[in-house]
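One letter stands for each residue in the lines below.
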Amino acid sequence: MHRKKLIAGNWKMNKTASDGVVLTRELIAALGRETSVDVVLCPPFTALESVGRALEGHALKLGAQNMHAEKSGAFTGEISAEMLRGLFVTHVILGHSERRTYNAETDASINQKVLAALAHQLKPILCVGETLAERESGATLAVVQRHVERGLQGVTPEQMGACIIAYEPVWAIGTGKVATTAQAQEVHAFIRELLTKLYGAPLAQKVRILYGGSMKPANAPELLAAPDIDGGLIGGAALEAKSFIELVRAAAAR
Ligand code: PEP
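Residues numbered from 1 in each chain as written. Predicted model: local features only at pLDDT ≥ 70, side-chain atom pairs only at ≥ 80, totals over all residues. Heavy atoms only, no water.

Digging into the pattern of salt bridges
In step 1: Tallying each qualifying case throughout the model produces 15 salt bridges.
In step 2: For Arg3, the salt bridge goes to Asp228, with nearest N and O atoms at 3.9 Å. You can see Arg3 sitting in the segment before β1 (6-10) and its partner Asp228 sitting in the loop between α11 (220-224) and β8 (231-234), a full 225 residues away along the chain.
In step 3: It is possible to trace a salt-bridge network through shared partners that takes in Arg3, Arg192, Asp228 and Asp230. (Salt bridge = Lys/Arg side-chain N within 4 Å of Asp/Glu carboxyl O. Helix = DSSP H or I, 4+ residues; strand = E, 2+ residues; numbered from the N terminus.)

Structure, rendered in structure tokens:
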């Protein structure tokens, strides 16, 4: 089954609105006509509008890094799905391990966000993955299974078509330690098997499963060649045009 590769850049808490536009223009100049790979830029909330304007008329898509599950109300400092839609956001990263760790996000709260995103036609990029201690104790697959099953609870087969999963081993995020292709492929294949049980093979074969964790131009070609790795969720290497462009080109070459 051919799945179009997807490369998403998670800028985290980096780039002002104007720095974001500078980077976006560099990316558009190189990738504006790249249609063989889906490219999603996920700037901080404060840069969504300006980056979105810079992307107008181009194939690159706009994503957010988080959102609140409620529609509106007394949630100081929060942003709703409707607000994101108003800025022409199409994707939203949910359940990133940094938010699980620093913002006490749980599988249950992430699941509420996934459902709210889907109800507002936003494509969730659901992040799942084990810590180093969990890997070392042999719990990797059990943790990933829990993140996937609980994160997707109540998601209908029709909605599943809009979902993207990102396998991000926590020990590989921002550490320079990348999972070996064999380690990543094992978990990706496991996730696809799980999706097959939950949603049936035809749908599971369509869902894109991204790898995230110190993906760089040097290691991307091998990772992206694995049968169940359908792209990357990129942190550090998404902050520089050169490395991000090289990653998109590596995905286009597959
Ligand atoms: C991430 O935060 O999603 C990520 C994968 O970061 P990095 O590429 O820097 O490891």
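A look at the packing of helix α1 (residues 17-31) against helix α12 (residues 241-252)
In step 1: One way to put it is that α1 packs onto α12 with a least axis distance of 10 Å and a crossing angle of 35 degrees. The handedness of the crossing between α1 and α12 is right-handed. When α1 is examined against α12, the residues Leu23, Glu26, Leu27, Ala30 and Leu31 are found in contact with a partner set consisting of Ala241, Phe244, Ile245, Val248 and Arg249.
In step 2: Taken together, the residues of the contact of α1 with α12 sort by class into eight nonpolar, no polar and two charged. (Axes fitted to C-alpha atoms, helices over the stretch in contact; angles between N-to-C directions. Left-handed = near helix turned anticlockwise from the far one by under 90°. Contact = heavy atoms within 4.5 Å. Nonpolar A, V, L, I, M, F, W, Y, C, P; charged D, E, K, R; others polar.)

Observations concerning the site of the ligand
In step 1: Near the ligand lie 14 residues; those nearest to it are Lys12, His96, Glu168, Gly174 and Ser214.
In step 2: A distance of 2.5 Å separates an oxygen atom of the ligand from a polar atom in the side chain of Lys12.
In step 3: Between an oxygen atom of the ligand and a main-chain N or O atom of Gly174, the distance comes to 2.6 Å.
In step 4: If the ligand stood free it would expose 300 Å²; the protein chains cover 97% of that surface.
In step 5: Here the shell around the ligand is composed, by residue class, of four nonpolar, eight polar and two charged. (Near = heavy atom within 4 Å. Polar contact = N/O pair within 3.5 Å; in protein donor to acceptor, adjacent residues only side chain to side chain. Areas by Shrake-Rupley, 256 points an atom, 1.4 Å probe, with all protein chains shown as cover.)

Examining the side chain of Arg135
In step 1: Counting through the fold element by element, Arg135 comes out in helix α6 (residues 132-136).
In step 2: Assessed through its relative accessible area of 18%, Arg135 is described here as buried.
In step 3: The contacts of Arg135, once residues within four sequence positions are left out, are Glu130, Thr140, Tyr167, Trp171, Gln183 and Val187. (Buried < 20%, exposed > 50% of the residue type's maximum accessible area, 1.4 Å probe, protein only.)

Description of the sheet that holds strand β2 (residues 38-42)
The strands making up a sheet associate through backbone hydrogen bonding, with each pair oriented either parallel or antiparallel.
In step 1: One closed barrel accounts for eight strands, arranged β1-β2-β3-β4-β5-β6-β7-β8; its pairing is parallel. When strand polarity is set aside, the average angle formed by the axes of neighbouring strands in this sheet is 25 degrees.
In step 2: Examined bridge by bridge, β1 and β8 share four bridges and lie parallel to one another. Residue Gly9 lies in a different strand from β8, and its bridge partner there is Ile234.
In step 3: Here helix α7 (residues 140-151) sits on the sheet in contact with β5 (123-128) and β6 (164-167), set at roughly 155 degrees to β5. (Pairing = 2+ DSSP bridges.)

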